[in-house]
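Next come the chains, spelled out residue by residue.
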Amino acid sequence: MKFKLDINNVMLLPFSKYEKNFTFFFNGRKYETSRIIADILSPIIRKYHYFDETINEFYINTEFTSWKSFDFNNILDLTNFDFKDISEDQIQYYREIFLALGNSKAYLNLVPQLKEEINHSNVFKRIMLKKQYIQLMHNHGCDEDNFVDSNGVLNQEIEFIASHFSELDQGKLLSLDSDLIISIIKSDKLQLKDEDTFFEFIVSRFRKNKQDAFLFNFIEFFNVSVEKVEQFFNLIQFDDVNQEIWKNLTQYIIKSHKAIQNKSKFVKELDSSLQF
């Protein structure tokens, strides 16, 4: 029998009764709260507390001078886990605060385009919007302390592309960053039409950027047609082949040799057996 406590119990905790042992300084104004609320709101603060439990302050300075009078209690009150109405002109401001807090889930939930169900038409737009967020986090220096998990943020898009790889616009796929392509190829959700089509995709990447030669590591040459293997040898230079690619090729050559080995030029041994 397996048992665990209901996570919904967390929402019933009387957060307002906890000791106010943490302080947010928002645009120069002081807001006191409990450390548990600070940890819920900010993955950055939560990670800080793993290494130093004495940290009890966090500073946020926004770029929106017109919102200097904004009450940070609006953010603190979100920990009651009730729905809150946010006007359209306030959304960007909330996003700015959650960006400073390193709260990617809250930030991305405030991007209207990401509320739509992921599909063939919007998946690349979603990637662009999320990469904008990742770049903003980079500008804040958050990725230097490993507060940004790019693949985690893009996991939904990675899995969707992997499971619809052959159906999507190949031109848009070719424009994706190499790191993202690798995550898609490594995904357990990857579904390919056939190895030849996948091979052609890698060839197109290679012709666009020679540095992507390592992507041939992911080709299963035994599933590739002879014509494509010949194309590979005509295209690739020895300097482009790394150890992993060479290992895959040697396995392909050895197995192919065993399968088609020609013995016609050798003297055949006489069959001394008798059949009845």
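As shown above, the structure is provided for reference.
Residues numbered from 1 in each chain as written. Predicted model: local features only at pLDDT ≥ 70, side-chain atom pairs only at ≥ 80, totals over all residues. Heavy atoms only, no water.

### Details of the overall build of the chain
Thought 1: In terms of regular secondary structure, the chain is built from 13 helices and 3 strands.
Thought 2: Across the 276 residues in the chain, those meeting the buried criterion constitute 38%.
Thought 3: Long-range pairs, those at least 24 residues apart, make up 62% of the contacts in the chain between residues at least 6 apart in sequence.
Thought 4: Surface accessibility of the chain: about 18,400 Å² in total, with carbon and sulfur atoms responsible for 50%. (Helix = DSSP H or I, 4+ residues; strand = E, 2+ residues; numbered from the N terminus. Buried < 20%, exposed > 50% of the residue type's maximum accessible area, 1.4 Å probe, protein only. Contact = heavy atoms within 4.5 Å. Areas by Shrake-Rupley, 256 points an atom, 1.4 Å probe, with all protein chains shown as cover.)

### Section: the packing of helix α6 (residues 123–139) against helix α8 (residues 155–163)
Thought 1: At a minimum axis separation of 10 Å, α6 and α8 run at an interaxial angle of 150°. As summarised for this structure, α6 and α8 are arranged roughly antiparallel, according to the angle between their axes. When you trace α6 past α8, the crossing you get is left-handed. Of α8, the residues touching α6 (which contributes Val-123, Phe-124, Arg-126, Ile-127 and Lys-130) are Gln-156, Glu-157, Phe-160 and Ile-161.
Thought 2: Split into classes, the residues belonging to the contact of α6 with α8 amount to 5 nonpolar, 1 polar and 3 charged. (Axes fitted to C-alpha atoms, helices over the stretch in contact; angles between N-to-C directions. Parallel < 35°, antiparallel > 145°, perpendicular 65-115°, else oblique. Left-handed = near helix turned anticlockwise from the far one by under 90°. Nonpolar A, V, L, I, M, F, W, Y, C, P; charged D, E, K, R; others polar.)

### Here's the deal with the side chain of Asp-212
Thought 1: Considering the arrangement of structural elements, one finds Asp-212 in the loop between α11 (195–208) and α12 (226–235).
Thought 2: A polar side-chain atom of Asp-212 sits 2.8 Å from a polar atom in the side chain of Ser-178.
Thought 3: Contact partners of Asp-212, with chain neighbours within four places excluded, come to Ser-178 and Arg-205. (Polar contact = N/O pair within 3.5 Å; in protein donor to acceptor, adjacent residues only side chain to side chain.)

### Digging into α11
Thought 1: Its 14 residues give α11 an end-to-end C-alpha distance of 20 Å, which sits within 8% of 20 Å, the value for a rise of 1.5 Å per residue.
Thought 2: All buried positions along α11 are accounted for by Glu-195, Asp-196, Phe-198, Phe-199, Phe-201, Ile-202, Val-203, Arg-205 and Phe-206.
Thought 3: Where α11 is buried, its residues contact α9 (170–174), α10 (178–186) and α12.
Thought 4: Backbone nitrogen of Asp-196 and a side-chain oxygen of the N-cap are separated by 3.2 Å at the start of α11; the cap is Asp-194. (Expected span 1.5 Å × (residues − 1).)

### Quick notes on unusual backbone geometry
Thought 1: Residues other than glycine seldom take positive phi values, yet Asn-27 does so here, at roughly 50°.
Thought 2: Checked against the element boundaries, Asn-27 lands in the loop between β1 (22–26) and β2 (29–33).
Thought 3: In this structure Asn-27 comes out as buried when scored by relative accessible area, which is 14%.

### Quick look at the packing of α8 against α10
Thought 1: In contact at an axis separation of 8 Å, α8 and α10 are set at 60° when each is read in the N-to-C sense. In this structure, α8 crosses over α10, and the sense of that crossing is right-handed. Contact with α8, carried on its side by Ile-158, Ile-161 and Ala-162, involves Leu-180, Ser-183 and Ile-184 of α10 and no other residues of that element.
Thought 2: Split into classes, the residues belonging to the contact of α8 with α10 amount to 5 nonpolar, 1 polar and no charged.

### Considering the packing of aromatic side chains
Thought 1: All told, the structure shown has 17 aromatic pairs when counted by the stated rule.
Thought 2: Ring centres of Phe-70 and Tyr-93 lie 4.7 Å apart, and the angle between their planes is 70°; this geometry places the pair in the edge-to-face category. Here Tyr-93 lies in helix α4 (residues 88–101) and Phe-70 lies in the loop between β3 (57–60) and α3 (73–76), a separation of 23 residues in the sequence.
Thought 3: Taking the relative accessible area as the measure of exposure, Phe-70 reaches 5% and is therefore buried.
Thought 4: A relative accessible area of 1% places Tyr-93 in the buried class.
Thought 5: Between Tyr-107 and Tyr-133 the ring centres are 4.7 Å apart and the planes differ by 35°, which places this aromatic pair in the tilted class. Pair noted here: Tyr-107 is in helix α5 (residues 104–109) and Tyr-133 is in helix α6, with a separation of 26 residues, a long-range link. Per residue, the accessibility class of Tyr-107 equals that of Tyr-133, and both read buried.
Thought 6: Taken together through their ring pairs, the aromatic side chains of Phe-22, Phe-24, Phe-26, Tyr-31, Phe-58, Phe-70, Phe-72, Tyr-93 and Tyr-94 make up a single cluster.
Thought 7: Sitting over the ring of Tyr-107, Arg-95 keeps its end group 5.9 Å from the ring centre. (Phe/Tyr/Trp six-rings, centres within 6.5 Å; stacked < 30°, edge-to-face > 60°. Lys NZ or Arg CZ within 6 Å of the ring centre and 35° of its normal.)

The quantities given are spatial measurements derived from coordinates; they are silent on function.
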